[in-house]
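The residues making up each chain are set out below.
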Amino acid sequence: MSQNTGAGRGVLGAAAEERPWADAFRPLTDRVEALLAAMTLNEKLAQLASVWIGAELGGGDGGGNVAPMQEAFADPAPVEEAGAHGMGHFTRPLGTSPVDAVEGARRLAGFQQELIARTRLGLPAIAHEECLTGFTTFGATVFPTPLALAATFDPAGVERMTRAIGEGMRAVGVHQGLSPVLDVVRDYRWGRVEETMGEDPYLVGMMGSAYVRGLESCGLVATLKHFVGYSASDAARNHAPVSMGPRTLRDVLMIPFEMAVREGGARSVMNSYSEIDGLPAAADPGLFTGVLRDEWNFEGTVVSDYWAIAFLQIMHRVAGDAGEAGALALEAGIDVELPHVGCYGEPLAEAVRSGRVPESLVARAARRVLRQKGELGLLDADWSPESPAMAAGELDIDPPEHRAIARELAEASIVLLANDGTLPLREGSVALVGPCADDPLTFLGCYSYPNHGVMQGHADMGLGIEVPTLLDALVQELPKGAVRHEPGCPVMEHDRSGIPAAVEAARAAGVCVVVVGDRPGLFGRGTSGEGCDAEDLSLPGIQSELVAAVLETGTPVVLVVVSGRPYALGPFAGRPAAMVQAFLPGEEGGAALAGVLSGRVTPSGRLPVQVPRSTGAQPSTYLHPVLGGHSGEVSNLDPTPLFPFGHGLSYTSFEYADFALGAEEIPTDGEVEVSCVVRNAGDRAGAEVVQLYTADPVAQVTRPVIQLAGFQRLALEPGERARVRFRLHADRTAFTGRDLRRVVEPGEIRVMVGASSGDIRGEGSVRLTGDVRVVGYDRVLTTPGSAEPAG
């Protein structure tokens, strides 16, 4: 996508006939090959490099680290030296320090102009930014976290959101977004659970593909991360080794990446920091060349996670020096070193000159980067760094229409776990207690700009956006004077001095709403987020003591958990009058929660992760074989969750009827229709998420006892009925067999529909017939769903 201002030949400065790669009318492949042929070794290597422009990598200006071990790389090569022969990427030009969007766009344009002017070939750089919960820059909309988005079971809503994010990023001259995170949750203690889209690979793949489509529709390059295995680290410790066999790796962790490449059209992939069975992902050609390119036909770029290549030497110790680390990563298939050139600079150049690394590997990576630059219009003769924001002179990156999307998604993400009728709140006094009730930062993810560490040292600038707290919003929802607030205790510190006042407020009120959970941050500066792993699944700090204390008052208690991971709520089971889960719902989360509590909003979120019963029942997700669940005969430990995957209540009720299978038998390459009728049996409008599950009773390897195969979100008015249909292909039962080939086996498959994995409303069986069928990259990956009026 070229930013053509119509100003003639543009800033590249040479006629297209003199530089054939600048001629947009030539085939892109020819242009790239002509450019490669004109390049020296140093110019090719420059396209594999990046520079963190304007960054104090040691956390300057009082800021905290935003990448692992950032202080260890606090003395990088100066920008002019690093970019002497060109540059592949500019790292976070608007996200490194708080800056107005238009000022940031102008600064980025200046960097591009300087790069073009001082290099022989005059090629611009790809500018990348983070965008996990929105454009991670000062003043931009903060949407719900990916875990909250997953709770909506609404891919179309996610695609609208990322289209809005992409439009804002492209308006300031950014080309690539480092999202989405497609890691499948394996252990809730891991700090980055909030960044994921849950514990089921199909849900992650569907939501992630929608995320990608929204970004890519704006011409922004979406980056899938972290390929692969990152979320399965031992003991849920960030960067810890991964002990996992190839079958689980392929059938669980790789599935969302494959879907996002095929169904989403992603053009970039980022490596995982992890090692799998002793081999770091960043040094594994089997992943980035064998699987990604040879099997999946991926044609985009692979970028390193920040300093992941250097970590091959200093952390994994599989390389003796920076040149060897660069050689390993390049051979594996990593095309670009982020965030700042090190190993891919002079150390790799020396390895090539000495003959230790073939120059053809450098050319292979440079070719991919240049092709992407061509797709973005950066090779065109008339390309200009002048962005739409600069031309307009102003840019609102938190406009009302973005906030409306944020509000819609936040409302749809709230999960009502339990309710004895206390919710929605009625007339009467309300004690609002807990540390998350009046702290805006507890509603924002760790990759939101206010929580990302960059704002440390800039407290005078505020948050950059309006983030109403639950207290702010609830006061507006309920009658004047109805709400009394007491924080009770902090999220992290063990300060009990406020608990007596919270207890007094609860005892004097008609209802007590206690709001507990997380304070997101990075690398130990919070209770959830990157580098903020948990020892167990108890609520952080002394929040459990606060909850227990208000429960003892006898006042009906509504327990609201605002968190980046599910916490074990078993100690409180059956005691609160109602329980609500919100997974860091973003800048409009306070208003969304208040709407659910007041009844203005009918809750419709569903759990993308289980809510555990026991604080120590880890690692355990719903996706397990028979012996991964409760088996009292062989173990005294019961991992059964308090609330299962897919669970979520409403203020109305939904009845299921007329379950039907379109056939009793289909061939192993066939398809069957699965349908049921759903009726809103209550007196208010609501949305139901109809969930399709399968189970394989007998297979050549152990299989999950139940697994999500499809879902359909539908809104129904009171009394309205709809028939929901799924087209279930036999390929959706495929798994990695004993010989590590993916197969569809003949035999019985159980097919179920329900309101959650623990609330099945209709089921039957279909028999697959014929021979065992080996399937590959061209197999059916999705289960289309639809709904129509049933009369």
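What this report covers is the structure whose coordinates are included nearby. (Residues numbered from 1 in each chain as written. Predicted model: local features only at pLDDT ≥ 70, side-chain atom pairs only at ≥ 80, totals over all residues. Heavy atoms only, no water.)

**Some words on the nonpolar core**
For clarity, the threshold we go by: By nonpolar core is meant a set of buried Ala, Val, Leu, Ile, Met, Phe, Trp, Tyr and Cys residues that side-chain atoms within 4.5 Å join together. In this scheme, a residue with accessible area under 20% of its type's maximum is buried, one over 50% is exposed, and one in between is partly exposed, where area comes from a 1.4 Å probe on protein chains only.
Grouped together as the largest cluster of nonpolar side chains are 123 residues, with contacts concentrated most on F90, L224, F227, V228, L330, Y344 and L708. The next biggest cluster of nonpolar side chains, apart from the first, holds 56 residues, and it includes V193, A509, V516 and L539.

**As for the pattern of salt bridges**
Note the cut-off: For salt bridges, the criterion is a side-chain nitrogen of Lys or Arg within 4 Å of an Asp or Glu carboxyl oxygen. Only DSSP runs of H or I with at least four residues qualify as helices, and only runs of E with at least two residues qualify as strands; both kinds are numbered from the N terminus onward.
Applying the stated criterion across every chain yields a total of 44 salt bridges. K44 serves as the salt-bridge partner of E359, at 3.2 Å between the closest nitrogen and oxygen. Residue E359 is found in helix 14 (residues 359-375), and its partner K44 is found in helix 2 (residues 41-47); the two are separated by 315 residues along the sequence. Residue class for E359 comes out partly exposed when judged on its relative accessible area of 34%. Here E530 and R192 are joined by a salt bridge, their closest N and O atoms 3.3 Å apart. Here the residue E530 occupies a position in the loop between strand 13 (511-517) and helix 19 (543-551), and R192 occupies one in the loop between strand 4 (176-177) and helix 7 (201-216), the gap between them amounting to 338 residues.

**Concerning helix 16 (residues 400-413)**
The cut-off we apply is this: What a helix should span is 1.5 Å times the count of its residues minus one. The contact rule is simple, with two residues in contact once any of their heavy atoms fall within 4.5 Å.
The end-to-end C-alpha distance of helix 16, which contains 14 residues, comes to 20 Å, matching closely the 20 Å that a straight helix rising 1.5 Å per residue would cover. Within the span of helix 16, buried status applies to H402, R403, I405, A406, L409, A410, E411, A412 and S413. Buried-residue contacts for helix 16 involve helix 5 (146-152), helix 6 (155-171), strand 10 (415-419), strand 15 (578-582), helix 20 (589-598) and strand 20 (707-716).

**Details of helix 17 (residues 470-477)**
What counts, and what does not: Working definition: the arc comes from the directions between the helix axis and the C-beta atoms, pointing outward to the latter.
If you check which residues of helix 17 are buried, you get L470, L471, A473 and L474. Burial along helix 17 is one-sided: seen end-on, the buried residues are contained in an arc of 165°. Against strand 11 (430-433), strand 12 (483-486), strand 13 and helix 20 lie the buried residues of helix 17.

**Considerations on unusual backbone geometry**
Residue H226 is bonded to the preceding K225 through a cis peptide linkage, with omega at 10°. Examined against the element boundaries, H226 turns out to sit in strand 5 (residues 221-227). Of note, the bond from L338 into P339 is cis; its omega dihedral lies within 30 degrees of zero at 0°. Mapping P339 onto the fold places it in the loop between helix 12 (322-332) and helix 13 (346-353).

**What to know about the pairing of strand 5**
Heads up, the condition is: Whether two strands pair depends on DSSP finding at least two bridges between them. Think of it like this: strands point away, you trace from the first strand over the helix to the second, and a clockwise trace means the crossover is right-handed.
In terms of residue burial, strand 5 counts as a mostly covered element, since seven of its seven residues are buried. Alignment of strand 4 against strand 5, held across two bridges, turns out to be parallel. Bridge pairing in strand 5 places Q176 opposite V221. For the crossover that starts at strand 4, traverses helix 7 and ends in the parallel strand 5, the hand is right-handed.

So, to be careful, I would describe these as geometric facts and stop short of saying anything about function.
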